Amino acid sequence: MSASRTIRVEILSRVEGEGALHIHTENGRLEQVQLQIYEPPRLFEALLRGRPLEEVPDITARICGICPVAYQMSSVHALEMALEVTISPEIRQLRRLLYCGEWIESHALHMHLLHAPDFLGYESGIAMAADHPDAVNRGLRLKKHGNQLLEVLGGRAIHPINVAVGGFYRAPRREEFARLIPDFEWGLQAAIEATRWVAGLEFPDFERDYDMVALVHPDEYAFNEGRVVSTRGRDVAVLDYEEHYDEVHVAHSTALHSETLPERRCYHVGPLARLNLSRDRLFPEARRVADEIGFETPCWNPYRSIVARGIELVHAYAEALSILCDYRPFTPSRIAYEYREGEGCAATEAPRGLIYHRYQVDAEGKVQFAKIVPPTSQNQKQIEDDLRAWLPGVLDRPDKEVARMSEELVRNYDPCISCSTHFLKVVRHAR
Amino acid sequence: MSAKPRLGVFKFASCDGCQLSLLDAEDELLAVAGAVDIAFFPEASSRMEPGPYDVALVEGSITTAHDAERIHEVRRESKFLMTIGACATAGGIQALRNWGDSEEFVRAVYAHPEYIQTLATSTAIADHVKVDFELRGCPINHHQLVEVLASLIAGRKPRTPTHAVCLDCKRKGTVCVTVAQGIACLGPVTQSGCDAICPSYDRGCYGCYGPLKQANPTSLADHLVQLNHPPAQLVPLFRSFNGYAEEFRGVGDGMERRMKDEG
């Protein structure tokens, strides 16, 4: 039979940004899978040139409304390297706290409103609320506390205004943080319950031999510093990142694909990669819940990423609570610097995975060059590879079901398409 | 109103942050979802119903030929079209290309510029279709969004405050960062909406909510020059997230012309 068969899911839902998926089959055989990111390019790396370097954390935040902190943290660390600025331990601690706020709002959102509906058969978290009101309300409240932390420390939840090259414009007052503590004590327990809840979902039996890559720090669950380590043993300094990971421009996407060098293979970044590489560096509360639910690492099943997010949510609440309780205001909130010609790079861990920035600045404090590698463009090739491995087993099902299941597979990655540039349309051309 | 109003949320070139603001209204989200029929909101739901829509929230700017057509479809399907955020109301930060060579910009970012289809400019939604209401901000304020939606559900014309950020500082008792510390601040010429966050964190306003109607930004720029802020630093301050809004565009371009004339 050679009847023509086309599946269209015009827009991938419950992801941030827009894209499409094209699946070609010929005589029942899978010929081609393309994840098409059609998000209009906004050309950040070009428009940053000539801008004052102080603006870089404000401008790069606008790449993504869900993970602005990831862009702010990566850019300030890269610029501080270029300017030879060393931040104080107090600033370092507050930056970890800010990242905790972003992980909390992003993970709580994805787990409850975007991802859980796939496992329980709902079109949205809002629709799910009718039958699971406690879980959805808990998720919303968990998310809200993350946002409140971002509001106190960052000034606001989306596109925080308090992040500066060298530190923060103002260090919060002790009472501003103290007010958050009761909610974070509740949040820590609620995050543990949420993790138990997602651990009880049913997961498709699908494992892959991934090359997982994450930032690893000797003493802590890495946010802003560490080495770029892979589950296959590749262990490189951030300075050498571009020698081992390369971006390729493919015709069907406005996002660049990342590949390992020299093999030119896909790799996987995100919560599973972090957990597989740094489980022993989690806060004790998070380690305990991982043990209690019997979460086995290394874990190679992408559907279980929702559980990894839960464990990281517990970690973020535990670490945030500890920083909030120990906080003492300090000066200076920002380390002064002189302009100099220089170059710097940094990698940090966005909620959805490793993010890398590199900048060159001139002696007048202007940006000369910018390179930004977001997590989703690193995962894009991996997502296509997963679909290629998984689709042959389900091609006998009706188009609608294949489309839905393809979307679900993609959502495991919590893709952030505005970051990587328009994302998902599932189109199947069959001949 | 007998049936619930049908809501559509549409994205153009943007960061998603303004539509995320609806999901960030954690306390009101389920109530809003109960009061309207969320017919099209891909970021939140896999259910995507065709138009017509009673209310369309439009995020993002127009940067591709395809989007320049799509916005007309959205307009045709929507009774009340409201833009949300600086990209949709002023072109956003991506409008910096409007001062540059967009082909060169594409070449700087992509190895194969021939794969990329994009317009030379990033423009506001109102440059393409009639807009019924503009909600300002980069990002918008979710309290304002909920209030505007509540007005529409009640059949009232939405209103948002149009005074200057400067006034919010006075109300909050924030000491003026320009007067006390000499920091360049756009508070006197920027519309309220953010609750004057930046000055309360010891930095100047950078204009997220766009130009205040009937402000005199040129006069503010002259004053900041007198305070020893070099024009070369003031041009990017005006020319940022709302830089392509007419009033900010004029002052940035004027300063740049003067800098060129003075060599």
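Residues numbered from 1 in each chain as written. Chains lettered and ligands numbered in written order. Predicted model: local features only at pLDDT ≥ 70, side-chain atom pairs only at ≥ 80, totals over all residues. Heavy atoms only, no water.

Student: Looking at this structure, I do not really get the pairing of strand 7 (residues 227–230) of chain A. What am I missing?
Tutor: A regular strand carries its side chains on alternate faces of the sheet. All names here are of chain A. Bridge count between strand 6 (residues 213–216) and strand 7: four bridges; the pairing is antiparallel. The residue of strand 7 that forms the bridge with V213 is S230. Sheet analysis places strand 7 next to strand 8 (residues 235–236), joined by two bridges and oriented antiparallel. Along strand 8, the bridge assignment pairs V229 with D235. (Pairing = 2+ DSSP bridges. Helix = DSSP H or I, 4+ residues; strand = E, 2+ residues; numbered from the N terminus.)

Student: Before we go on, may I ask you to explain the interface of chain A and chain B in this structure?
Tutor: Many descriptions give the size of an interface as the accessible area lost when the pieces come together. Opposite the 60 residues of chain A that make contact, chain B presents 63 residues. Summed over both partners, the interface of chain A with chain B comes to about 5,300 Å²; 62% of that surface belongs to carbon and sulfur atoms. At the boundary of chain A and chain B, one finds five salt bridges. One salt bridge in this structure joins A:K143 and B:E26, with 3.0 Å as the shortest N-O distance. Among the elements of the structure, helix 1 (44–47), helix 2 (56–61), helix 4 (89–120), helix 5 (125–128) and helix 6 (133–154) of chain A are those that each provide at least two residues to the side of chain A that touches chain B. In terms of residues, the side of chain A that touches chain B owes the most to one element, helix 6 of chain A, which gives eight residues. Taken together, the residues of the side of chain A that touches chain B break down into 27 nonpolar, 15 polar and 18 charged. (Contact = heavy atoms within 4.5 Å. Buried area = accessible area lost by both parts, 1.4 Å probe. Salt bridge = Lys/Arg side-chain N within 4 Å of Asp/Glu carboxyl O. Nonpolar A, V, L, I, M, F, W, Y, C, P; charged D, E, K, R; others polar.)

Student: I keep staring at the domain arrangement of chain A and nothing clicks. Help me out?
Tutor: Residues and elements named next belong to chain A. Looking at chain A, the domain boundaries give domain 1 (4–40 + 389–420) and domain 2 (44–388). Computed from C-alpha atoms alone, the centre-to-centre distance between domain 1 and domain 2 is 26 Å. Three residues, R14, Y413 and D414, lead the burial of domain 1 against domain 2; their summed loss comes to 27% of the area buried on that side. Along the contact surface separating domain 1 from domain 2 lie four salt bridges. Measuring nitrogen to oxygen at the nearest pair gives 3.2 Å for the salt bridge that ties D414 to R352. Our count for the domain 1 to domain 2 interface comes out at 18 residue pairs in polar contact (both at pLDDT 80 or more). Those elements that place two or more of their residues in the side of domain 1 that touches domain 2 are strand 3 (29–36), helix 13 (375–390), helix 14 (399–411) and helix 15 (417–420). (Domains from an automatic or database assignment. Polar contact = N/O pair within 3.5 Å; in protein donor to acceptor, adjacent residues only side chain to side chain.)

Student: Before we go on, may I ask you to explain helix 13 of chain A in this structure?
Tutor: Residues that lie three or four places apart on an α-helix share one face, since the helix turns once every 3.6 residues. Residues and elements named next belong to chain A. Across its 16 residues, helix 13 extends 22 Å between first and last C-alpha, which sits within 8% of the 22 Å expected from 1.5 Å per residue. Of all the bends in helix 13, the largest measures some 30° and sits at K381. Among the 16 residues of helix 13, 12 are classified as buried, and the element is accordingly described as predominantly covered. Burial in helix 13 covers these residues: P375, T376, S377, Q378, N379, Q380, Q382, I383, E384, D386, L387 and W390. (Expected span 1.5 Å × (residues − 1). Bend = angle between axes of the 7 residues up to and from the residue. Buried < 20%, exposed > 50% of the residue type's maximum accessible area, 1.4 Å probe, protein only.)

Student: In this structure, what is going on with the pairing of strand 3 of chain A? I would like to understand it.
Tutor: Residues and elements named next belong to chain A. Inspection of the sheet shows strand 2 (residues 20–26) paired to strand 3 by seven bridges, in the antiparallel sense. Bridged to A20 within strand 3 is Q36. Count of turn residues in the strand 2/strand 3 antiparallel hairpin: two residues, of which N27 carries a positive phi of about 50°.

Student: For this particular structure, what's the right way to read the packing of helix 13 of chain A against helix 14 of chain A?
Tutor: Helix-helix packing is described using two parameters, namely the angle between the two axes and the distance between the axes. Residue and element names in this part refer to chain A. Between helix 13 and helix 14, whose axes approach to 10 Å, the crossing angle comes to 140°. If you check the angle between helix 13 and helix 14, you find them oblique. For the crossing formed where helix 13 meets helix 14, the hand is right-handed. Together, I383, D386, L387 and W390 of helix 13 and M405, S406, L409 and V410 of helix 14 make up the contact between the two elements. A class-by-class count of the residues in the contact of helix 13 with helix 14 yields six nonpolar, one polar and one charged. (Axes fitted to C-alpha atoms, helices over the stretch in contact; angles between N-to-C directions. Parallel < 35°, antiparallel > 145°, perpendicular 65-115°, else oblique. Left-handed = near helix turned anticlockwise from the far one by under 90°.)

Student: Any chance you could explain the packing of helix 10 (residues 271–278) of chain A against helix 12 (residues 305–326) of chain A here in plain terms?
Tutor: Residues and elements named next belong to chain A. Look at helix 10 against helix 12: their axes get within 8 Å of each other, and the N-to-C directions meet at 65°. Crossing geometry of helix 10 relative to helix 12 is assigned as left-handed. Of the residues in helix 12, those touching helix 10 at P271, L272, R274 and L275 are S305, A308, R309, I311 and E312. When the residues that make up the contact of helix 10 with helix 12 are grouped by side-chain class, the tally is five nonpolar, one polar and three charged.

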